[in-house]
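# Descriptive structure summary
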Amino acid sequence: MTGEEQGNPVSAVTATQGRDATGGTSHGLWWAEASIWTDRMVSALGNGVKGGKWFSLIDKLVRPATLDIAWRRVARNQGAGGVDGQSIERFDARSVRYLRELQHSLAEGSYRPAPVKRVEIPKADGKTRPLGIPTVKDRIVQTALKMVIEPIFEVQFRPGSFGFRPGRGCKDALRQVDRLLKDGYTHVVDADLKSYFDTIPHDRLMTLVEGSISDGRVLALIDGFLRQEIMAAMARWQPTTGTPQGAVLSPLLANLYLHPLDVLMERSGYRMVRYADDFVILCASAAEAAAALHQVTTWVNANGLTLHPDKTRVGDSAQPGQGFDFLGYRFEAGRRFVRDKSLRAFKDKLRAKTRRSRGDSLGRIIEDLNPLLIGWFGYFKHARPRLFRRLDQIIRRRLRAVVRKQERRPSMGRSEADHRRWTIAFFADQGLFALKEAHEAARYPRCG
């Protein structure tokens, strides 16, 4: 792609699915809700709108059809109830009435978001991270709002941004990193934004939103969600910075705030790969990496954010000991490994599903275990091959110990007799997913 193509937002509109609500020709944003984003509106994304800003968006948000689609998406995602205690099931029982009331309050301008329920989610390192849980009604409104405004920003976002974007994901970001490393860009700026989601300045974020949207009621809704009160245990407060993790709008707004950094890096000739607040910059030399880090540090400090001093570094990933972690993998010395933290988390899940005290049959345990193994392999299949053999051995040993326990002959499943009795073929017959076999099949697919 040429520099001119990258600088043109129209180039982002490349897909060919989706149709006008009236049955017209297909438009580019295949993921956008066609009842809102008709071909005419999508054309305006590419050709530009008067004054460069979008107005009269609120009417699209408050349509009963928009709210109904938003509700169905919220219901599909499930999730816990917010501060009002209303669950998805309770809302569903009277959804027609609740949606009508919601539409009325939005149309007349009386809608106000409820406080966000804050809970602490355990992390693998023993710490916790805060998660905000909006009420079901607020999730519906945020979903409808996202459906209306996301295409406006999506066509502006850069190719190096992969997180929480339609049609993009972790695997795409990893492929790009792998490609750049193989092209010789091994000097890496490995950066970490400290408490990013909690520290985004509201006023500066709203300035970015206002750069593309001029509908006052839509802007007021976005600002209202940013300033939603937070409730945790007996405490209640109003945040002055940040977007609550768990809110429907948060990923989009978080991407928008870092969009100027994406543009700066691209225009400066740096190859940055970003997934939400996690990013690396791959350079051809140590001097280039140092210059890139300096430029990033300057931008971060000027925009009210902070780089984590212990987690931000520069190194030559081609050298042993100077690798970097990104999206669950470790890239070092021309190889890709499963990150230690990711491997520990996987083993913890294995242990939880294969406890010797578990009372289920072997078949039931394998049935419960296989989705974990298949999903994990699907993501980490590019790791070093010998890891899969070692993990298969651990899994079979733990399953042998389960069977021994059920036979009232407890053992760790390591004896030669156990291996002869419960062989690899035995577990294959029981339907156990084998990581090593899956890796070989993926690496050497059969022809014909």
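Residues numbered from 1 in each chain as written. Predicted model: local features only at pLDDT ≥ 70, side-chain atom pairs only at ≥ 80, totals over all residues. Heavy atoms only, no water.

Let's shift gears to the pattern of salt bridges. In the structure shown here, the tally under the stated rule is 23 salt bridges. With a closest N to O distance of 3.0 Å, Arg227 and Asp223 form a salt bridge. What makes Arg227 partly exposed here is its relative accessible area of 33%. The closest approach of N and O atoms between Glu440 and Lys436, which form a salt bridge, is 2.7 Å. Of this pair, Glu440 and Lys436 both sit in helix H19 (residues 435-443), four residues apart, roughly one helical turn. (Salt bridge = Lys/Arg side-chain N within 4 Å of Asp/Glu carboxyl O. Buried < 20%, exposed > 50% of the residue type's maximum accessible area, 1.4 Å probe, protein only. Helix = DSSP H or I, 4+ residues; strand = E, 2+ residues; numbered from the N terminus.)

Three or more residues of H19 are buried, namely Leu435, Ala438 and His439. With its buried residues spanning 100° around the axis, H19 presents them on a single face. On its buried side, H19 packs onto helix H15 (362-380) and helix H16 (385-406). (Arc of directions from axis to C-beta. Contact = heavy atoms within 4.5 Å.)

A separate point is helix H14 (residues 340-353). The end-to-end C-alpha distance of H14, which contains 14 residues, comes to 20 Å, matching closely the 20 Å that a straight helix rising 1.5 Å per residue would cover. Burial in H14 covers these residues: Ser342, Leu343, Phe346 and Leu350. One face of H14 carries all of its buried residues, which in axial projection span an arc of 100°. Seen from the buried face of H14, the exposed residues on the opposite side, beyond 90 degrees, are Asp340 and Arg344. Looking at the buried residues of H14, the elements they touch are strand S11 (335-338), H15 and H16. (Expected span 1.5 Å × (residues − 1).)

Now for the nonpolar core. Core analysis: the biggest nonpolar cluster contains 76 residues, and Ile140, Ile149 and Ile281 have the highest contact counts within it. Residue contributions to this core peak at ten residues, all from helix H7 (residues 136-154). If we skip the residues at most four places from it in the chain, Ile281 touches His187, Val188, Val189, Met265, Tyr270, Arg271, Met272, Ala292 and Val296. Counting residues in hydrophobic clusters, the runner-up holds 44 residues, among them Val273, Val403, Phe427 and Leu432. (Core = buried A, V, L, I, M, F, W, Y, C linked by side-chain atoms within 4.5 Å.)

On to a positive patch on the surface, then. A surface patch of like charges, here positive, comprises Lys123, Lys127, Arg129, Lys311, Lys341 and Arg344. Tracing the backbone shows Lys341 in helix H14. (Patch = residues over 30% accessible without salt bridge, like charges linked within 9 Å, V, L, I, M, F, W, Y side chains within 5 Å. Areas by Shrake-Rupley, 256 points an atom, 1.4 Å probe, with all protein chains shown as cover. Lys, Arg positive; Asp, Glu negative; His and termini not counted. Charge placed at Lys NZ, Arg CZ, Asp CG, Glu CD.)

A separate point is the confidence of the model for the protein chain. Scored by pLDDT, the protein chain comes out at a mean of 90, with 92% of its residues at no less than 70. Note that residues 1-27 has pLDDT below 50 and, in this model, 46 contacts with residues that lie over four places away or in other chains. (pLDDT = per-residue confidence, 0-100.)

Looking now at the packing of aromatic side chains. For the structure shown, the criterion picks out 18 aromatic pairs. Ring geometry for Phe346 versus Trp376: centroids 4.2 Å apart, planes at 15°, classification stacked. Residue Phe346 is found in helix H14, and its partner Trp376 is found in helix H15; the two are separated by 30 residues along the sequence. Of the two residues examined, Phe346 and Trp376, each falls in the buried class. One residue, Arg168, lies across the ring of Phe162, its end atom 4.7 Å from the ring centre. When the ring centre of Tyr329 is taken as origin, the NZ or CZ atom of Arg336, which lies over that ring, is 4.6 Å away. (Phe/Tyr/Trp six-rings, centres within 6.5 Å; stacked < 30°, edge-to-face > 60°. Lys NZ or Arg CZ within 6 Å of the ring centre and 35° of its normal.)

With that settled, the discussion passes to the environment of Gln406. In this fold, Gln406 is placed in helix H16. With 49 residues separating them in the primary sequence, Gln406 and Ser357 have C-alpha atoms 8.4 Å apart. Those residues within four positions of Gln406 in sequence are excluded, and the remaining contacts are Arg358, Gly359, Asp360 and Ser361.

Right, let's talk about the sheet that holds strand S6 (residues 271-275) for a bit. The strand order S6-S7-S3-S8 describes an open sheet built from four strands, whose pairing is antiparallel. Strands with a single pairing partner mark the edges of an open sheet, and in this sheet they are S6 and strand S8 (313-316). Taken pair by pair, the neighbouring strands of this sheet meet at an average axis angle of 20°, ignoring direction. Note: strand S3 (residues 187-192) against S8, four bridges, orientation antiparallel. (Pairing = 2+ DSSP bridges. Axes fitted to C-alpha atoms, helices over the stretch in contact; angles between N-to-C directions.)

As a packed pair, helix H10 (residues 202-210) and helix H11 (residues 216-226) sit with axes 11 Å apart at the nearest point and diverge in direction by 155°. Taken together, the axes of H10 and H11 are roughly antiparallel relative to one another. Considering how the two elements wind past one another, H10 and H11 form a crossing that is right-handed. Residues His202, Leu205, Met206, Val209 and Glu210 of H10 pack against Leu219, Ile222, Asp223 and Leu226 of H11. Tallied by class, residues from the contact of H10 with H11 come to six nonpolar, one polar and two charged. (Parallel < 35°, antiparallel > 145°, perpendicular 65-115°, else oblique. Left-handed = near helix turned anticlockwise from the far one by under 90°. Nonpolar A, V, L, I, M, F, W, Y, C, P; charged D, E, K, R; others polar.)

Below, the discussion takes up the sheet that holds strand S2 (residues 128-133). Within the open sheet, the four strands sit side by side as S2-S1-S4-S5. Their pairing is mixed. The two strands at the open ends of the sheet, each matched to only one other strand, are S2 and strand S5 (235-237). Sheet twist, expressed as the average angle between the axes of neighbouring strands with direction ignored, equals 30°. Of the pairings in the sheet, the one linking strand S4 (residues 230-232) to S5 comprises three bridges and is antiparallel in character. The residue bridging Ala232 from the neighbouring strand is Ala235, located in S5.

Our focus in this paragraph is the pairing of S6. With four of five residues buried, S6 lies mostly within the body of the structure. With five bridges joining them, S6 and strand S7 (residues 278-283) adopt antiparallel strand pairing. Within the sheet, the bridge partner assigned to Val273 lies in S7 and is Val280. Following S6, the chain reverses through two residues before pairing antiparallel with S7; Ala276 in that reversal takes a positive phi of roughly 55°.

This part covers the pairing of S3. Among the six residues of S3, five are classified as buried, and the element is accordingly described as predominantly covered. As defined by bridge partners, S3 adjoins S7 across six bridges and the pair is classed as antiparallel. If you follow Val188 over to S7, its bridge partner there is Leu282.

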